[in-house]
Amino acid sequence: MAQISYREALNQALREELDRDERVFIMGEEVGYFGGAFKVTDGLLAVYGEKRVRDTPIAELTIVGAGVGAAMGGLKPIVELMTINFGLLAMDQIVNHAAKIHYMFGGHAKVPLVIRAPQGAGHQLGAQHSQSLEAYFLHCPGLLVVIPATPADAKGLLKSCLRQDNPVIFLEHETLYGVKGEVPDGEYLTPLGQANVLREGKDLTIVSYSKCVYDAIAAAEALENEGVDAEVIDLRTLNPLDITTVVESVRKTGKAMVVYEGWRTGGAGAEIAAQIYEAAFDDLDAPVERVATLDTPIPYNARLEKAALPSAADIVKVAERMV
Amino acid sequence: MALEREKHIAERALLTMGETQLLDFYRRMVLIRRFEDKVAEMYSRGKITGFCHLYAGEEAVAVGAISALYDKDFVVSTYREHGHCLAKGVAPRAVMAELFGKATGLSRGHGGSMHLFDAEQRFMGGYAIVGGGLPLAAGLGLAVRYKEEPQVVCCFFGDGALPQGAFHEALNMTSLWKLPVIFICENNFYGMGTLVQNAICQEELYKFAEPYKMPGVRVDGMDVLAVHGATLEAAARAREGEGPSLIEATTYRFRGHSMSDPAEYRSKREERIWQERDPIKNLRRKLLHDGRANEARLDAIENEVAAVIDDAVKFAEDSPEPSLETLGKYVYVDGNGAE
């Protein structure tokens, strides 16, 4: 077990999967000679060559479409979108093709494609480079949505995605690449659809994923000083969604809050809250709360950007109101 | 110029081609035409529903191109794909059953007219987003090249796809990577009801090949031999690792865009001119003229095809509806950690 960064954990997972399975290859803008816009694929070209680490033109629709076609042709492509914002150019191939092909051809075709993309705000990159779009993909049947918070899960989940045959949207948070954590060496798989209870508590359930998990932990520590014992759950994957673990927690605490960086309106938190109501209405002592990004484009100015995003302080404030 | 050259090649091909192959062209084209006629009839009787785009008039493109491929080569198609699917050798029964929405259909009734698929025959699907198949064809070409296999990918699309970004992205990428893809543009002069010159600045569509550094030809899409010849050249080039080609086949759909379109934007005179160029009648005339076949032989083919289609309809009629339990099936591939 080594202390490595989220970025290194992803790189390690890619290396292990490239070594393990000849069908696995990586394709995307700047993944080769540049080493990845966020350096996730750094050093891979030198080891695996252009065939398996393929730089592409800037043409997101066809990068993803070629990934879909290559997957149908028997390969296991990993497509890197430079950021999910650019992935919007590929929505036709993601939603109309990748997500539909297995179904509309009656189960006779499959698309084992992993689309990796950084997302999220926090680096003052402005409105077109700071979005968290997991809800767009969660909305669409046929796509798995995987969204790791920790280095260990970044590795374990990415490897699991390559061991199954559904198209996956694998979302990495841009501010997490440098975060370090314990990551098991060698073969390590995190099952898809299993939430992780990061902190046990009896007063309040905080459900989160991706970068906001760290805010939830910080908030839980602050709340502890105020005598509030919060449980923190990292969902790890949104589809499949481990609502069972969430509901079990809510039955115990009677209160639930969903914390996420997508926009508040129509976000993944709305779906999670709805499922909590459906499964545990009688166990709730308070309405399910959402702490999320304000319904505005993300501004450039540092103070404004910070104010638009959910924070540990926001979580504490809402929690104080709830308990 | 391009057309003249192709015509010459086609005439030469007619002289040198074996009778078996010529009759096979005839049989396949008749199969598609009669199939589509029957589909129209079944549609009007309410047996087939939804969107349904018929291929009648364009048979020479599918048959000419696909007959130039090997069985293991891939075909990617559009929502007007019954012809490509049949030409690729997919069983008419399974196609008709899918159109009827039956459990025995190619896509178990989940797809319909626009979403046929048969992995066995390497028919890699009909896609109903204009231009959507081109990136997929690039990816299949990439897979073939990656695995160092000898196949080529033949990708059909209409003139309506050329203004789409997907067309330009796919041509650039396949040319850049020298992928074994044959792009066949079926120029029937209308994207739905919009004339090609009202949709794209360069109406000689094959000329888009040049900026993407690949060969581009315009062939008479009403002449099965012309399409066949051009596809043979493109396939040989692709197999040699020299990359993609663009073939523009000028053709005409004898019916509207879909079953709900009476095609009132086209003149009767224009339709008549194209009807006179009917690819099936033309081949029949040529075969008889050159003494390559007699009336009795060609009529026998027509009768065989009629029987195949009657059988397909009977099969579709007699097949069960998909059970409601299949509604949620095939959304995800089961197992390995994902529900």
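Residues numbered from 1 in each chain as written. Chains lettered and ligands numbered in written order. Predicted model: local features only at pLDDT ≥ 70, side-chain atom pairs only at ≥ 80, totals over all residues.

**Describing the packing of helix α3 (residues 60-72) of chain A against helix α5 (residues 91-98) of chain A**
Residue and element names in this part refer to chain A. The interhelical angle for the contact between α3 and α5, taken along N-to-C directions, is 30°, at an axis separation of 7 Å. With respect to α5, the element α3 is oriented roughly parallel. Contacts between α3 and α5 involve L61, V64, G65 and V68 on the former and, on the latter, D92, Q93, I94, H97 and A98. The residue makeup of the contact of α3 with α5, split by class, is 5 nonpolar, 3 polar and 1 charged. (Axes fitted to C-alpha atoms, helices over the stretch in contact; angles between N-to-C directions. Helix = DSSP H or I, 4+ residues; strand = E, 2+ residues; numbered from the N terminus. Parallel < 35°, antiparallel > 145°, perpendicular 65-115°, else oblique. Contact = placed C-beta atoms within 7 Å. Nonpolar A, V, L, I, M, F, W, Y, C, P; charged D, E, K, R; others polar.)

**Section: the interface of chain A and chain B**
As a measure of interface size, the accessible area lost when the parts come together is often cited. Of the residues lining the interface, 41 residues belong to chain A; the matching set on chain B comes to 40 residues. The set of elements that each furnish at least two residues to the side of chain A that touches chain B consists of α3, α5 and α6 (101-104) of chain A. It is α3(A) that provides the largest number of residues to the side of chain A that touches chain B, a total of 9 residues. Of the residues belonging to the side of chain A that touches chain B, the class tally is 18 nonpolar, 18 polar and 5 charged.

**Description of the nonpolar core**
Ranked by internal contacts, the top residues of the largest apolar core, which has 208 residues, are I115(A), C154(B), C155(B), I182(B), I184(B) and I247(B). Broken down by element, this core gets its largest block of residues, 9 residues, from helix α2 (residues 19-44) of chain B. Split by domain, the residues of this core number at least three in each of domain 1 (2-183) and domain 2 (196-322) of chain A. (Core = buried A, V, L, I, M, F, W, Y, C linked by C-beta atoms within 7 Å. Buried ≥ 20, exposed ≤ 12 C-beta atoms within 10 Å, placed from the backbone. Domains from an automatic or database assignment.)

**Overview of the sheet that holds strand β6 (residues 144-146) of chain A**
Residues and elements named next belong to chain A. Taken together, the 7 strands give an open sheet; going across it, the order is β3-β2-β4-β5-β7-β6-β12, and neighbouring strands pair in mixed fashion. The open sheet is flanked by β3 (53-55) and β12 (237-239), the only strands paired with a single partner. Averaged over neighbouring strand pairs, the angle between their axes works out to 20° when direction is ignored. As defined by bridge partners, strand β2 (residues 24-28) adjoins β3 across 3 bridges and the pair is classed as parallel. Each residue of the ladder has a partner; that of M27, found in β3, is R54. (Pairing = 2+ DSSP bridges.)

**Points about the pairing of strand β5 (residues 114-119) of chain A**
Residue and element names in this part refer to chain A. In terms of residue burial, β5 counts as a mostly covered element, since 6 of its 6 residues are buried. Alternating positions in β5 separate into two faces, V114, R116 and P118 on one and I115, A117 and Q119 on the other, with burial throughout. Across 3 bridges, strand β4 (residues 76-80) lies against β5 in parallel orientation. The partner of I78 across the bridge, within β5, is V114. Summarising the sheet, β5 and strand β7 (residues 168-173) pair through 6 bridges and their orientation is parallel. Paired with V114 across the strands is V168, a residue of β7.

**Thoughts on the environment of A13(B)**
Residues and elements named next belong to chain B. Position of A13 among the secondary structure elements: in helix α1 (residues 2-16). Classification of A13 by C-beta neighbours within 10 Å gives partly exposed; the count is 18. For the pair A13 and G191, spaced 178 residues apart in sequence, the C-alpha to C-alpha distance is 32 Å. Contact partners of A13, with chain neighbours within four places excluded, come to L225, H228 and G229.

**Focus on the domain arrangement of chain A**
All names here are of chain A. When cut into domains, chain A gives domain 1 (2-183) and domain 2 (196-322). Placing a centre on the C-alpha atoms of domain 1 and another on those of domain 2 gives a separation of 26 Å. Facing the 25 residues of domain 1 at the interface are 23 residues of domain 2. Among the residues forming the side of domain 1 that touches domain 2, the class breakdown is 14 nonpolar, 9 polar and 2 charged.

**Brief notes about the sheet that holds strand β1 (residues 74-77) of chain B**
Residues and elements named next belong to chain B. Ordered by their spatial adjacency, 6 strands build an open sheet running β2-β1-β3-β4-β8-β7, and the pairing between neighbours is parallel. On the outer flanks of this sheet lie β2 (123-126) and β7 (216-220), each paired with one strand and no other. For this sheet, the mean angle separating the axes of adjacent strands, direction not counted, is 15°. The pairing of β1 with strand β3 (residues 153-158) spans 3 bridges and is parallel.

**Some points on the environment of A37(A)**
Residue and element names in this part refer to chain A. Of note, A37 is situated in the loop between β2 and α2 (44-52). You can call A37 partly exposed: it has 17 C-beta atoms within 10 Å. Taking C-alpha positions, A37 is 6.4 Å from M82, a pair spaced 45 residues apart along the chain. In this structure, A37 is in contact with E30 and M82, ignoring residues within four places of it in sequence.

**A few points about the packing of α3(A) against helix α6 (residues 133-146) of chain B**
At their nearest, the axes of α3(A) and α6(B) sit 6 Å apart, and the two run at 50° to each other. Accordingly, the angle class assigned to the pair α3(A) and α6(B) is oblique. Considering only the axes of α3(A) and α6(B), their crossing is right-handed. Within the contact between the two elements, α3(A) uses L61(A), T62(A), G65(A), A66(A), G67(A), V68(A), G69(A), A70(A) and M72(A) and α6(B) uses P135(B), L136(B), A137(B), A138(B), G139(B), L140(B), L142(B) and A143(B). Residues belonging to the contact of α3(A) with α6(B) are distributed by class as follows: 12 nonpolar, 5 polar and no charged. (Left-handed = near helix turned anticlockwise from the far one by under 90°.)

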